[in-house]
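The lines below spell out each chain.
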Amino acid sequence: MNTDSTSTAAPTAGAPAPQAPVGSGRPGRKTRALRRVLRAPAASVVLATVLLVGIIGAVHPTFLKPNQLLDILQASTYVGLLAVGMSYLVAMREIDLSVGSQFGLCLIATGLLISHGVNAWMAGGIGIVAGALLGLVNATVVTFIRIPTIVATLATLSVFRGLAIALTGGQQVVGLPVEDSFFTVLGGEIGGVPISVIVLVAVALVLGLVLHHTPFGYRVLAVGSNPEAAAFAGISVARVRMQVLVLVGVLAGIGGCLGLAYFTSGDPTIGTGFELQAIAAAVIGGTPLRGGTATVIGAVCGAVLLNVVAAGLTYFSIPANWSAFATGLVILVAVGIDSLVRRRREAGQPALQPSLTEQ
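In this text the structure is predicted, and so the values were computed from the model without any measurement.

K.L.:
Any chance you could break down the overall build of the protein for me, citing the residues and the numbers?
P.N.:
The helix and strand tally for the protein stands at 14 helices and two strands. Expressed as a percentage of its 359 residues, the buried residues of the protein come to 42%. Across the protein, contacts joining residues at least 24 apart in sequence account for 77% of those joining residues at least 6 apart. Surface exposure of the protein reaches about 19,000 Å², of which carbon and sulfur atoms provide 67%.

Here is the structure:
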């Protein structure tokens, strides 16, 4: 039988295997692992945070002191908790504008109960339940009156904030028994790490697993990806929305308890603006407004990034009046870059190379 002269002869026994040309083989395991890490939804915000901390620390080394970094994490706790819940909502194409007011009202309610002699731990539990009820109020309005979530929560933002101010007469809640274990434990530290930071990390890990590894999380993402298809598949969109709004309220209640334990007093205006920061943190962290996907860890990292920016301004002696401007600029740049990268990725082209139609 004749053989094609161009065919490759089989290697003889014992002969070494042919070697691929240098540079033509597949990427190594470490390279592939690095690429997977860099493609993770929260990778960009983590890298941005580390880079920003490094830049500020290079100019002002005191910024890198452990106590300063822990203070930034502590300040990120409350917006971080709200951002975790917001990532669930944004994944469903929903936005809750009342989360800051829920946080403030839960903190005030807990403080008032303690000031009237209720056991502090019991008052904290009631404060968390109150947060769930506030979320249920939002869910009821949205579900049964059929008002869009963003409109309904815009109204309850003022309702909840007004209730907090009315309950306190516009005055701070002070004179609390700060020696109580509620304050010493929740406002304390373990190994130098604030308890509130530990709680935030635990909540983020648990809800991150719930979102991506449980039927409930699957339903949340399915509703955000395609509500009509989710309903056709038998998922109750209204029920899932109600459950997530109640979850957001619970997180606001937890944040309120931690805030009261740390500050040992209650201001009826506390939490103002937290709703916008929570939305920004979720989006910066890799949860797109189009829904269908979310990253809980990224939302927490987004909250940390916003606080790094705010803290960095003080080190560069920039007036506090510029804080909102700088924060907004960071949000705009982060969201713009994220949008560009995602569009390039969806088009199947490298993020930094122009497409053929642009050349």
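K.L.:
Outline the environment of Gly-124, listing residues and values.
P.N.:
Its place among the elements puts Gly-124 in helix 5 (residues 120-144). C-alpha of Gly-124 to C-alpha of Leu-260: the two residues are 136 residues apart in sequence and 9.3 Å apart in space. Not counting the four nearest positions on each side in its chain, Gly-124 is found in contact with Thr-110, Phe-182 and Cys-257.

K.L.:
Go over the packing of helix 8 (residues 195-213) against helix 11 (residues 237-263), please, and point to the residues and values.
P.N.:
Look at helix 8 against helix 11: their axes get within 11 Å of each other, and the N-to-C directions meet at 165°. One way to sum up the angle between helix 8 and helix 11 is to call them roughly antiparallel. By crossing handedness, the relation of helix 8 to helix 11 is classed as right-handed. Between helix 8, through Ser-196, Val-199, Val-203 and Leu-207, and helix 11, the contact on the second element is made entirely by Leu-247, Leu-251, Ile-254 and Leu-258. Residues that form the contact of helix 8 with helix 11 fall into these classes: seven nonpolar, one polar and no charged.

K.L.:
Requested: an account of the pattern of salt bridges, with residues and values cited.
P.N.:
Here the structure, examined in full by the defined rule, presents one salt bridge. In this structure, Arg-241 engages Glu-94 in a salt bridge whose closest nitrogen and oxygen atoms are separated by 2.9 Å. Of this pair, Arg-241 sits in helix 11 while Glu-94 sits in the loop between helix 3 (66-91) and helix 4 (99-115); the two residues are 147 residues apart in sequence, bridging distant segments of the chain.

K.L.:
Can you break down a nonpolar patch on the surface residue by residue, with the values?
P.N.:
Taken together, Val-59, Phe-316, Ile-318, Trp-322, Phe-325, Leu-329, Leu-332, Val-333 and Ile-337 make up a surface patch of nonpolar side chains, about 890 Å² in accessible area. Sorting elements by how many residues they give to the nonpolar patch places helix 14 (residues 323-346) first, with five residues. Structurally, Phe-316 is set in the loop between helix 13 (296-315) and helix 14.

K.L.:
Provide a residue-level description of the packing of aromatic side chains, including the pertinent values.
P.N.:
Scanning the model with the defined rule gives nine aromatic pairs in all. Aromatic pair Tyr-78 and Phe-263: ring centres 5.9 Å apart, planes at 40°, arrangement tilted. In this pair, Tyr-78 sits in helix 3 while Phe-263 sits in helix 11, placing the two residues 185 residues apart along the sequence. A residue is classified by how much of its surface remains accessible, and Tyr-78, at 4% relative accessible area, is buried. Through a chain of ring-to-ring contacts, three or more aromatic side chains come together here, namely Tyr-78, Phe-103, Tyr-262, Phe-263 and Phe-274.

K.L.:
An account of the packing of helix 3 against helix 13 is requested, with residue identities and associated values reported.
P.N.:
Following both chains from N to C, one finds helix 3 and helix 13 inclined at 140°, their axes separated by 7 Å at the closest point. By the criterion of interaxial angle, the relationship of helix 3 to helix 13 is oblique. The handedness of the crossing between helix 3 and helix 13 comes out as right-handed. Residue-level contacts link Gln-68, Ile-72, Leu-73, Ala-75, Ser-76, Val-79, Gly-80, Ala-83, Val-84, Ser-87 and Tyr-88 of helix 3 to Val-296, Ala-299, Val-300, Ala-303, Val-304, Asn-307, Val-308, Ala-311 and Tyr-315 of helix 13. Taken together, the residues of the contact of helix 3 with helix 13 break down into 15 nonpolar, five polar and no charged.

K.L.:
Explain the nonpolar core to me, and be specific about the residues and the numbers.
P.N.:
Met-86, Tyr-88, Ile-114, Phe-182, Val-220 and Val-244 are the most contacted members of the largest nonpolar core, which totals 78 residues. Here Val-220 is in contact with Tyr-88, Ala-91, Met-92, Leu-211, Val-240 and Val-244, once residues within four sequence places are set aside. Core analysis: the second largest hydrophobic core is formed by seven residues, Val-53, Ile-56, Ile-72 and Val-308 among them.

Thresholds, definitions, all that
- Residues numbered from 1 in each chain as written.
- Predicted model: local features only at pLDDT ≥ 70, side-chain atom pairs only at ≥ 80, totals over all residues.
- Heavy atoms only, no water.
- Helix = DSSP H or I, 4+ residues; strand = E, 2+ residues; numbered from the N terminus.
- Buried < 20%, exposed > 50% of the residue type's maximum accessible area, 1.4 Å probe, protein only.
- Contact = heavy atoms within 4.5 Å.
- Areas by Shrake-Rupley, 256 points an atom, 1.4 Å probe, with all protein chains shown as cover.
- Axes fitted to C-alpha atoms, helices over the stretch in contact; angles between N-to-C directions.
- Parallel < 35°, antiparallel > 145°, perpendicular 65-115°, else oblique.
- Left-handed = near helix turned anticlockwise from the far one by under 90°.
- Nonpolar A, V, L, I, M, F, W, Y, C, P; charged D, E, K, R; others polar.
- Salt bridge = Lys/Arg side-chain N within 4 Å of Asp/Glu carboxyl O.
- Patch = residues over 30% accessible without salt bridge, like charges linked within 9 Å, V, L, I, M, F, W, Y side chains within 5 Å.
- Phe/Tyr/Trp six-rings, centres within 6.5 Å; stacked < 30°, edge-to-face > 60°.
- Core = buried A, V, L, I, M, F, W, Y, C linked by side-chain atoms within 4.5 Å.

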